[in-house]
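Structural description and commentary
One-letter residues, chain by chain:
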Amino acid sequence: MTDVPDRERFEARDETATLAGVVTYQLTGSIIAYTHTGVEPAFEGRGVGSTLARAVMDDARARGRTVVPICPFLGDWLGRHPEYADIVVRSTRKIK
């Protein structure tokens with residue numbers, strides 16, 4: 001996985017440098033909002049999304065960032081990985 005700050009995204013590529021998937025983000029100071037996770041059709045069903053999710057969360061932790069998970073995929077993934085709860089912003093508001 002590679003951070004491409006000028007495109008505001010992390011990219012996952014295979015061994016031939018073919019783009020497999022991305023996680024887009026918006027960074028403000030030490031707060032990073034992950035906005036979208038996308039996996040190229042040829043790579044679907046191979047765990048690329050989960051690999052990206054773990055990599056971007058590990059990167060955020062290593063850089064001391066607070067994560068705002070806007071992307072539904074990442075939000076669902078985080079629901080299954082409570083080990084990242086300490087760096088994730090959770091809303092306390094209830095929607096009626």
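To be clear, the structure that these remarks concern was listed above.
This report concerns the structure included in the present document. (Residues numbered from 1 in each chain as written. Predicted model: local features only at pLDDT ≥ 70, side-chain atom pairs only at ≥ 80, totals over all residues. Heavy atoms only, no water.)

1. Notes on the pairing of strand E3 (residues 19-28)
Put simply, side chains in a regular strand alternate between the two faces of the sheet. Alignment of strand E2 (residues 9-13) against E3, held across five bridges, turns out to be antiparallel. In the sheet register, Arg13 faces E3, and the bridge partner there is Leu19. Hairpin remark: E2 followed by E3, antiparallel, with five residues in the connecting loop; positive phi at Ala17, about 70°. Inspection of the sheet shows E3 paired to strand E4 (residues 31-39) by eight bridges, in the antiparallel sense. Each residue of the ladder has a partner; that of Thr24, found in E4, is His36. Between E3 and E4, which pair antiparallel and follow one another directly, the connecting turn spans two residues, one of which, Gly29, has a positive phi of 60°. (Pairing = 2+ DSSP bridges. Helix = DSSP H or I, 4+ residues; strand = E, 2+ residues; numbered from the N terminus.)

2. A closer look at the sheet that holds E3
Taking strand neighbours across the sheet as the criterion, the five strands line up as E1-E2-E3-E4-E5 in an open arrangement whose pairing is mixed. Taken across any chain shown, the strands that pair with only one partner, and hence form the sheet edges, are strand E1 (2-4) and strand E5 (66-69). Neighbour-to-neighbour, the strand axes of the sheet open up by a mean angle of 30°, direction not taken into account. Helix H1 (residues 48-62) contacts E2, E3, E4 and E5 of the sheet and is inclined by roughly 165° relative to E4. (Axes fitted to C-alpha atoms, helices over the stretch in contact; angles between N-to-C directions. Contact = heavy atoms within 4.5 Å.)

3. Remarks on the side chain of Arg65
In this structure, Arg65 sits in the loop between H1 and E5. Residues in contact with Arg65, not counting those within four places in the same chain, are Leu27, Ser30, Ile32, Asp59, Ala60 and Ile87.

4. Observations concerning the environment of Gly75
With respect to the helices, strands and loops of the structure, Gly75 is situated in helix H2 (residues 72-79). The class for Gly75 is partly exposed, based on a relative accessible area of 21%. A sequence separation of 13 residues divides Gly75 from Val88, and the C-alpha atoms of the two residues are 9.8 Å apart. (Buried < 20%, exposed > 50% of the residue type's maximum accessible area, 1.4 Å probe, protein only.)

5. Focus: the packing of H1 against H2
Between H1 and H2, the least distance of the axes is 10 Å, while the angle of their chain directions is 80°. One finds that H1 runs roughly perpendicular with respect to H2. Between H1 and H2, the contacting residues are Gly49, Ser50, Ala53, Arg54 and Met57 on the first element and Phe73, Leu74, Trp77 and Leu78 on the second. The residue inventory of the contact of H1 with H2, partitioned by class, reads six nonpolar, two polar and one charged. (Parallel < 35°, antiparallel > 145°, perpendicular 65-115°, else oblique. Nonpolar A, V, L, I, M, F, W, Y, C, P; charged D, E, K, R; others polar.)

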